[in-house]
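Here is how the chains run, residue by residue.
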Amino acid sequence: MTGIFENRNILCGITGSIAAYKVCDWVRSLRREEAEVKVVMTRAAAKFVTPLTFAALTGNRVYGSMFDSQDEEKIPHIRLARESDLILVAPATAQTIARLAHGLADDLLSAIVLASEAKIVVCPAMNSKMYQHAATQENIEKLKKFGYRVLDPESGMMACDEEGPGRLPEWAHVREAVIAALSPQDLAGKTVIVTAGPTEEPLDPVRFLSNGSSGKMGYAMAATARELGAKVILISGPAQLIPPAGVECIKVRTGAEMYREVLSRFDTADIIVKAAAVSDYRPAVFSADKIKKTGEKAALELEPNRDILHKLGEIKNQRAIPPLLIGFAAESTNLLEHGREKLERKNLDFIVINDITAPDSGFAVDTNRVILLDRQGGQLDFPLLAKEETARRIWRAALKGRL
Ligand SMILES: Cc1cc2nc3c(=O)[nH]c(=O)nc-3n(C[C@H](O)[C@H](O)[C@H](O)COP(=O)(O)O)c2cc1C
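The residue count restarts for each chain, going from 1 along the sequence in the order it is written. The model is predicted, so local features are restricted to residues of pLDDT at least 70 and side-chain atom pairs to those at 80 or more, both for listing and for counting; the totals for chains, interfaces and linings are taken over all residues.

S.K.: Looking at this structure, I do not really get the overall build of the protein chain. What am I missing?
M.R.: Put simply, DSSP H or I for four residues or longer makes a helix, DSSP E for two residues or longer makes a strand, and each gets a number counted from the N terminus. Looking only at helices and strands, one finds 14 helices and 22 strands in the protein chain. Counting only C-alpha atoms, the protein chain reaches 80 × 50 × 40 Å along its principal axes. Residues are called buried when their C-beta atom has 20 or more other C-beta atoms within 10 Å, exposed when it has 12 or fewer, and partly exposed otherwise; all C-beta atoms are positioned from the backbone. Out of the 403 residues in the protein chain, the part that is buried amounts to 43%. Each residue is represented by a C-beta atom placed from its backbone, and any two residues with such atoms within 7 Å are regarded as in contact. Partitioning the intrachain contacts of the protein chain with sequence separation of at least 6 by distance along the chain shows that 67% fall at a separation of at least 24.

Dropping the structure here:
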C-alpha cells in the first residue's frame, strides 16, 4: 500500500507554543504515510522542543535561522519555499499569525511563507483570550483572504488553566485538512449526500434488529468527497465513528428515519452515495414494554422497510439534471451477477460490490476489496486497500464517467 503523502514535500513550521510537543507525533505520522518532511523552527519554538528531536524524526536537518552558514550558497528561504508542496504552520502562535498577516519576513519561517506558492495550512494554538482578541481574529481573517486554510482551534482546558477556544486541533482533523489542501477540488460547488452505517429497528425499549455494518466505508466516502471540495451531508445510522471535519452529520436510528432524511434532501444533491446497510425488514409490532421471557418458542413478524435506493432511482429522472447515484452491494455469492442486476433494477449510475465473505473485506474491517460497475457495462476491480483509499479511487473513477 502506498502512503497518501508519497512524493509530497511538506514543510512543518513550528512556533513557540507550549503545544509544540504534540507536533512531534504529527511529524511521525506524516513520515509513516511517506511524506518528505522538513522542519523549520522559530527561535521561540526551540525553547519548547529541541531541533534534535525533529531532526531524528524526519531524518533531515532542522532549519532555524535565515542566516545559517550551512546554506550560504543556496538562499534557504527561497529553496525551501520552492521545494514545498504544503507548509503546515503548527502550532501557530499569535505572534507568528500576526507576522504572516502583515507580510513580515524577519525570520526564516515567515520569509518562506511569503516566498512560497505552496498550500498553507495554519493551526492556531494559544490562550483563549489571545485567540479571541480582535487583533488575532483580524489577522486570521487576513490569512484566510490570502487563501490559507486556518483551522479552528479546539475548546477545552488549556495548559494555562483557562477554558475556551485555543487548543491545538487533533491530528485527525489536521490530516484531513492537509489532504484536502493537496487534493484537486474536483467536487467544488457540488453537494454530496452519503448514507452510512447500520440501522436499528426496535422491537421493544431494549431490543432491536441490526447488522454488523461499522459505517467505515460510508464515512470514508464522506471524508474523501470533502477532500475534493464537496459540501457533504452524511446521514448516519448508529456508528461508533467520529464524523469527518467539515461534514454535516445527521444521525438517525431506523431505516424509516433514514428514508425521510435522504428523501427530504433529494432536490439539493448532485451526488448521492448509499453506503448504509439499511435493514430490509423491521418488526411489524413495537412493544412499548419490554417483552417478557415465557420459555416458549416465539416468532417475530417482520415487515419490509422502504427501499431508499430504489426510490431514488425511480425519481432521479424527474430532475432536470438527475443526481449521480452510487450504490453499494454487500454480496456473498455471484457477486457480479447480483451487482449488475441491482444496478439495473435500481437505476444506479455506479455500484460498488463488496465481497462480505472475505475476512479482510466488507463489514467492520479497515480494508476493502471492491468491484465497481457502471451502466455501460464497465467494470473496475480494485485491489485490497484501506477503505479511505478505496473511497478515493471510487471518486476518481466515478468523476471520470465511464470505467
Ligand atoms: C511557557 C510559554 C508558553 C507559551 N505558549 C504560547 C502559545 O501556546 N501560543 C502563543 O501564541 N504564544 C505562546 N507563548 C508566547 C510565545 O512563545 C511568544 O509570543 C513568542 O514570541 C512567539 O514567537 P514565535 O511566533 O516566533 O515562535 C508562550 C510562552 C511561554 C513562555
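Picking up where we left off.
S.K.: Hey, could you run me through the domain arrangement of the protein chain in this one?
M.R.: Taken domain by domain, the protein chain comprises domain 1 (9-182) and domain 2 (191-281 + 299-400). Centre-to-centre, using C-alpha coordinates, domain 1 lies 37 Å away from domain 2. Between domain 1 and domain 2, the contact holds four residues from the first and five residues from the second. Throughout this entry, Asp, Glu, Lys and Arg are counted as charged residues, while Ala, Val, Leu, Ile, Met, Phe, Trp, Tyr, Cys and Pro are counted as nonpolar. The remaining residues, Gly among them, count as polar. Here the side of domain 1 that touches domain 2 is built from residues that sort into two nonpolar, one polar and one charged. What counts as a domain boundary in this text is fixed by an automatic or database domain assignment.

S.K.: Looking at this structure, how should I read the sheet that holds strand β13 (residues 248-251)?
M.R.: Strand pairing in a sheet is mediated by backbone hydrogen bonds. Such pairs are either parallel or antiparallel. Strand order in the open sheet formed by eight strands is β13-β12-β9-β14-β17-β18-β20-β21, with mixed pairing between adjacent strands. Pairing within the sheet leaves two strands with one partner each, and these edge strands are β13 and β21 (379-381). Shown here is a sheet whose adjacent strand axes are inclined to one another by a mean of 15 degrees, direction ignored. In terms of strand pairing, strand β18 (residues 350-355) meets strand β20 (residues 370-374) through five bridges, oriented antiparallel. If you follow Val352 over to β20, its bridge partner there is Leu372. Only the contacting stretch of a helix is used when fitting its axis, a line to C-alpha atoms as for every element, and angles between N-to-C directions run 0 to 180 degrees. Contacts between helix α10 (residues 216-227) and the sheet are confined to β9 (191-196), β12 (231-236), β14 (271-274) and β17 (324-331), with β9 contributing the most and set at about 165 degrees to the helix. A pair of strands is considered paired only if DSSP assigns at least 2 bridges between the two.

S.K.: Help me understand the nonpolar core in this model?
M.R.: Soluble, globular proteins show a tendency: their nonpolar side chains are buried together. For this analysis, nonpolar core means a set of buried Ala, Val, Leu, Ile, Met, Phe, Trp, Tyr and Cys residues linked through C-beta atoms within 7 Å. Ranked by size, the top nonpolar core spans 57 residues in total, and within it Cys12, Val39, Val122 and Cys123 carry the most contacts. The biggest single contributor to this core is strand β4 (residues 86-92), with six residues. The next biggest cluster of nonpolar side chains, apart from the first, holds 52 residues, and it includes Ala220, Val252, Leu309 and Ala330.

S.K.: Is there a simple way to explain the site of the ligand in this structure?
M.R.: Near, for a residue, is defined by distance from a backbone-placed C-beta atom to a molecule or strand, with 6 Å as the limit that must not be exceeded. The full set close to the ligand counts 15 residues, and Gly16, Ser17, Thr42, Thr93 and Met126 are the nearest of them. Considering each element in turn, the shell around the ligand owes the most residues, three residues, to helix α5 (residues 94-101). Grouping the amino acids of the shell around the ligand by side-chain chemistry returns eight nonpolar, seven polar and no charged.

S.K.: Where do I start with the packing of helix α4 (residues 76-83) against helix α6 (residues 108-115) in this structure?
M.R.: Two quantities define a packed helix pair, namely the angle between the helix axes and the distance between the axes. Where α4 contacts α6, the axes come no closer than 8 Å and their chain directions differ by 50 degrees. Taken together, the axes of α4 and α6 are oblique relative to one another. With respect to the hand of their crossing, α4 and α6 are arranged in right-handed fashion. Residues Pro76, His77, Ile78, Leu80 and Ala81 of α4 form the contact with α6, whose participating residues are Leu108, Ala111, Ile112 and Ala115. A class-by-class count of the residues in the contact of α4 with α6 yields eight nonpolar, one polar and no charged. Angle categories: roughly parallel below 35 degrees, roughly antiparallel above 145, roughly perpendicular from 65 to 115, and oblique for all the rest. Helix crossings are classified by the rotation of the near helix relative to the far one: an anticlockwise turn of less than a right angle makes the crossing left-handed, while a clockwise turn makes it right-handed.

S.K.: What exactly am I supposed to notice about helix α1 (residues 22-32) here?
M.R.: Residue pairs spaced three or four apart in an α-helix point in one direction, given the helix's 3.6 residues per turn. Within the span of α1, buried status applies to Lys22, Val23, Trp26, Val27 and Leu30. For α1, the angular spread of buried residues about the axis comes to 140 degrees, placing them on one side. Exposed side of α1, more than 90 degrees from the buried face: Asp25 and Arg32 are the residues found there. A positive phi of about 75 degrees marks Glu34, the residue just after α1. What the arc covers is the set of directions going from the helix axis to the C-beta atoms.

S.K.: Please explain unusual backbone geometry as it appears in this structure.
M.R.: The bulk of non-glycine residues show a negative phi, and the bulk of peptide bonds are trans. Here the amide bond leading from Ala90 into Pro91 is cis, since omega sits at -15 degrees, within 30 degrees of zero. Note that Pro91 resides in strand β4. At Glu34, a position not held by glycine, the phi torsion is positive, near 75 degrees. For Glu34, the position within the fold is in the loop between α1 and β2 (36-41). Positive phi is not limited to glycine here, since Asn347 has a value of about 60 degrees. Mapped onto the fold, Asn347 is located in the loop between α13 (335-345) and β18.

S.K.: Can you walk me through the sheet that holds strand β6 (residues 149-150) in this structure?
M.R.: An order of β3-β2-β1-β4-β5-β6 is seen for the six strands of this open sheet, with the pairing classed as parallel. For this open sheet the edge positions go to β3 (62-63) and β6, each flanked by a neighbour on one side alone. Both strand β1 (residues 9-14) and β4 contribute to a ladder of four bridges, which runs parallel. Bridge pairing in β4 links Cys12 to Leu88.

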